[in-house]
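# Structural overview
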Amino acid sequence: MFTTRKMGKASAALLAALSLGTGAAFAQQAVVVIEAEPTSMDPHNTTDSVSATVQGPMFEGLLRFDDSMSIVPVLATGYSYSDDATAITFELQQGVTFHDGAYFNAEVVKMNLDFVRDADNGLARRSFFRFIEDVIVEDDYTVTITSESPNSAMASYMAHTSAAMKSPRVIERKMADPDFNADREGAVGTGPFQFVEWRDGVQTVVEAFDGYWNADNGANVERIVFRPVQEASTRINMLQAGEAHLVFPIPTLFGAQLESDDRVNLRTGPTTDVHYIGMNLQLDKYQDVKVRQALNFAIDKDGLIAQMLDGYGTIADSAIAPNVYGYAAQEIYDYDMGEARALLAEAGYAEGFTATLWTRNSTEFIAVAEYVAIQLGELGIEVTVEAYESGTLFDMLDAGEGTDLFIGRWSPGTGEADYGLRPNFASDRVPPNFNNSGFYVNEAVDDLLNRALASSDAQEALSLYAEVQEVIYDEAPWVFLHIPESIVGSAPNLDGVYVLPSGNVHVSGISLN
């Protein structure tokens, strides 16, 4: 649930209807200011929340998450699992057309899922759908997805933004012409808005689609304009000047400044983001668990949240956040420099060592990195901070070469524990090209994750995921830092927007009052 710092607590309804202001200049359009350029208009070829937010009004999937992360049907009318959880069957909406006039049916679902899973197509989300063994068309409006092994999280995966359905004509064109740039020209979905333009560094524009199939939930404005502005202070100035209706994200260090500003409704709420320091466990200095635990004891997380986040956050007491399904709290590593020094000495590093800490080059990430470097310096660990553009940093981590310490942020877009834990801690997810950039390998964790995913008993699965979290927190392959609150700035009179804890912003229902 989001809260309004200067207006008291907001209900769940307010989360689904952030109020934003309008003026005469905005009578027919909503202006949304975002932190970066989208990377693609293809939901199957993007992994960032900015792109997912821009794509959202144009694309729909079989399912989606609502403001409380509950799964709701969209292009499906319902779904059911097989008794052994190796298959999930969807009943589909009828009478749905894409923006280009193509019809939606079970064959289109199969075409989309087969295409994204084909290695020859080189799509970024291929690995996300690796759980799928086959897609079976039962009839025109019934489709079954099968998994080689039991998988109780299939519905959550299909509610993710990357499971959106693209027009079959776009896929057919790409198959016929590999040079066709679907990232730029393939934004054809079934949503209430259709693609108009993407001008690099300037704006992306979508406008209302008159033929939208769901008349009760159609577009409420003529167009939405997404404008990328990297500098946070500039985004905020645009909001205060009435040049934008919605601005996100707002770094926590601006929160206090905006709380008393009558031109801004500042709403905050919990996220599913866990911020952490990863470490390369292939290096000798991190192989002893005492070293890893020492690093956890050496960081004053309360101080970090107070000084770096202005209080907008909580200590990470697990590898996943509290509002992720399957979360289990652990006993945190309290700030204790004496305990940290003792553990480091027991591990044979009483004099400390040198380390390199990689971070993104944004203001807030660099600030946290420098804070961590100072505190580890008190432990005798001499840390050099190296900041990189986020895409460069991800490429470096994916390559798995030269990694030492790195500041990471992870949020499971599926909203459940398996995707919160498996990508970062399963043995088969180490680099190259997977998230386990610290090379954490534990056969017991692998076994627990696999048993949990295969279980059709919800309580058994939750118990197994809780055990995974206990093992990981004790073995400390991460320095567990914090879970930030999400901060969204808005003007006074716009409705119909909600922010998912995963960071995606759902703007399809945006309206101006």
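Note that the structure is a prediction, hence the values are computed from the model and not measured.

## Quick look at the overall build of the protein
A count of helices and strands for the protein gives 16 helices and 24 strands. For a compact globule of 513 residues, the expected C-alpha radius of gyration is about 24 Å, and the protein comes in at 23 Å, within 12% of that figure. Burial statistics for the protein: of 513 residues in total, 55% are counted as buried. Once local pairs closer than 6 in sequence are excluded, the contacts in the protein between residues at least 24 apart make up 71%. Split by element, the accessible area of the protein, about 20,300 Å² in all, is 45% carbon and sulfur. Of the charged side chains in the protein, 30 are positive and 74 negative; the average position of the first set lies 4 Å away from that of the second.

## Considerations on the confidence of the model for the protein
Counting all residues, the mean pLDDT for the protein is 90, and 95% of those residues have values of 70 or more. In the predicted structure, residues 1-27 sits below a pLDDT of 50 and forms 90 contacts with residues beyond four places in sequence or in another chain.

## Digging into the packing of helix α3 (residues 106-117) against helix α5 (residues 168-176)
The interhelical angle for the contact between α3 and α5, taken along N-to-C directions, is 40°, at an axis separation of 10 Å. Here α3 is positioned oblique relative to α5, judged by the angle of their axes. Between α3 and α5 the crossing geometry is left-handed. The residues of α5 that touch α3, namely those facing V108, M111, N112 and F115, are P168, I171, E172, K174 and M175. Residues of the contact of α3 with α5, tallied by class, amount to six nonpolar, one polar and two charged.

## Quick word on the side chain of R360
Tracing the backbone shows R360 in strand β17 (residues 354-360). There is no salt bridge for the buried R360, and the closest opposite charge comes from E35, which lies 7.0 Å off by N-O distance. If we skip the residues at most four places from it in the chain, R360 touches F365, I366, A387, Y388, S390, L393, F394 and R409.

## Here's the deal with the pairing of strand β15 (residues 274-279)
By the criterion of burial, β15 is predominantly enclosed, with six of the six residues buried. Covered by surrounding structure in β15 are V274, Y276 and G278 together with H275, I277 and M279, the residues of both alternating faces. Sheet analysis places β15 next to strand β19 (residues 405-410), joined by six bridges and oriented antiparallel. Counted as the bridge partner of V274 is W410 from β19.

## Quick word on helix α9 (residues 289-298)
When you tally the buried positions in α9, you get eight out of ten residues, the bulk of the element. Taken together, the buried positions of α9 are occupied by V291, R292, Q293, A294, L295, N296, F297 and A298. Sitting at the amino-terminal end of α9 is D288, which places a side-chain oxygen 2.9 Å from the backbone nitrogen of K290.

## Examining the pairing of strand β12 (residues 223-228)
Sheet topology note: the strand β3 (residues 29-34)/β12 ladder contains six bridges and is parallel. The partner of V33 across the bridge, within β12, is R227. One ladder, built from four bridges, connects strand β11 (residues 203-208) with β12; its direction is antiparallel. Across the sheet, the residue bridging to T204 is F226, located in β12.

## Focus: the sheet that holds strand β8 (residues 132-139)
Pairing in this open sheet of four strands is antiparallel, and the strands run β6-β7-β9-β8 from one edge to the other. This sheet does not close on itself; its edge strands, each paired only once, are β6 (76-81) and β8. The average angle at which neighbouring strand axes cross in this sheet is 20°, direction not considered. Inspection of the sheet shows β6 paired to strand β7 (residues 87-92) by five bridges, in the antiparallel sense. Bridge assignment links Y79 to a residue of β7, and that residue is F90.

## Description of the nonpolar core
By size, the foremost hydrophobic cluster in this structure holds 112 residues, and its most contacted members are L62, F90, F104, M158 and L421. Counting residues per element, this core draws most heavily on helix α12 (residues 363-378), at seven residues. What F104 contacts, discounting residues up to four positions off in sequence, is L62, L75, L92, Q93, V96, F98, V109, Y141 and M165. Judged by nonpolar contacts, the second largest core, of 26 residues, contains M41, F59, F226 and F248.

## Here we look at the pattern of salt bridges
Within the structure shown, the criterion is met by twelve salt bridges. Across the pair D114 and R117 runs a salt bridge, and its minimum N-O distance is 2.7 Å. Of this pair, D114 and R117 both sit in helix α3, three residues apart, which is roughly one turn of that helix. For D114, a relative accessible area of 27% puts it in the partly exposed group.

## Observations regarding the packing of aromatic side chains
Under the defined criterion, the tally for this structure stands at 21 aromatic pairs. Ring centres 5.9 Å apart and planes at 40° place the aromatic pair Y79 and F90 in the tilted group. Residue Y79 is found in strand β6, and its partner F90 is found in strand β7; the two are separated by eleven residues along the sequence. Of the residues examined, Y79 reaches a relative accessible area of 35% and is grouped as partly exposed.

## Some thoughts on unusual backbone geometry
In this structure, the amide linkage connecting F248 to the following residue, P249, adopts the cis form with an omega of -15°. Summarising the element assignment, P249 is placed in the loop between β13 (246-247) and α8 (255-259). Following P431, the chain continues to P432 via a peptide bond in cis, the omega torsion being 10°. When you line up the elements, P432 lands in the loop between α14 (417-425) and α15 (443-454). Even without a glycine there, the phi angle at D310 is positive, about 55°. Mapping D310 onto the fold places it in the loop between α10 (301-308) and β16 (313-315). Located in the positive-phi region is F439, a residue other than glycine, with phi close to 60°.

What counts and how
Residues numbered from 1 in each chain as written. Predicted model: local features only at pLDDT ≥ 70, side-chain atom pairs only at ≥ 80, totals over all residues. Heavy atoms only, no water. Helix = DSSP H or I, 4+ residues; strand = E, 2+ residues; numbered from the N terminus. Rg over C-alpha atoms; globule rule 2.2 N^0.38 Å. Buried < 20%, exposed > 50% of the residue type's maximum accessible area, 1.4 Å probe, protein only. Contact = heavy atoms within 4.5 Å. Areas by Shrake-Rupley, 256 points an atom, 1.4 Å probe, with all protein chains shown as cover. Lys, Arg positive; Asp, Glu negative; His and termini not counted. Charge placed at Lys NZ, Arg CZ, Asp CG, Glu CD. pLDDT = per-residue confidence, 0-100. Axes fitted to C-alpha atoms, helices over the stretch in contact; angles between N-to-C directions. Parallel < 35°, antiparallel > 145°, perpendicular 65-115°, else oblique. Left-handed = near helix turned anticlockwise from the far one by under 90°. Nonpolar A, V, L, I, M, F, W, Y, C, P; charged D, E, K, R; others polar. Salt bridge = Lys/Arg side-chain N within 4 Å of Asp/Glu carboxyl O. Pairing = 2+ DSSP bridges. Polar contact = N/O pair within 3.5 Å; in protein donor to acceptor, adjacent residues only side chain to side chain. Core = buried A, V, L, I, M, F, W, Y, C linked by side-chain atoms within 4.5 Å. Phe/Tyr/Trp six-rings, centres within 6.5 Å; stacked < 30°, edge-to-face > 60°.

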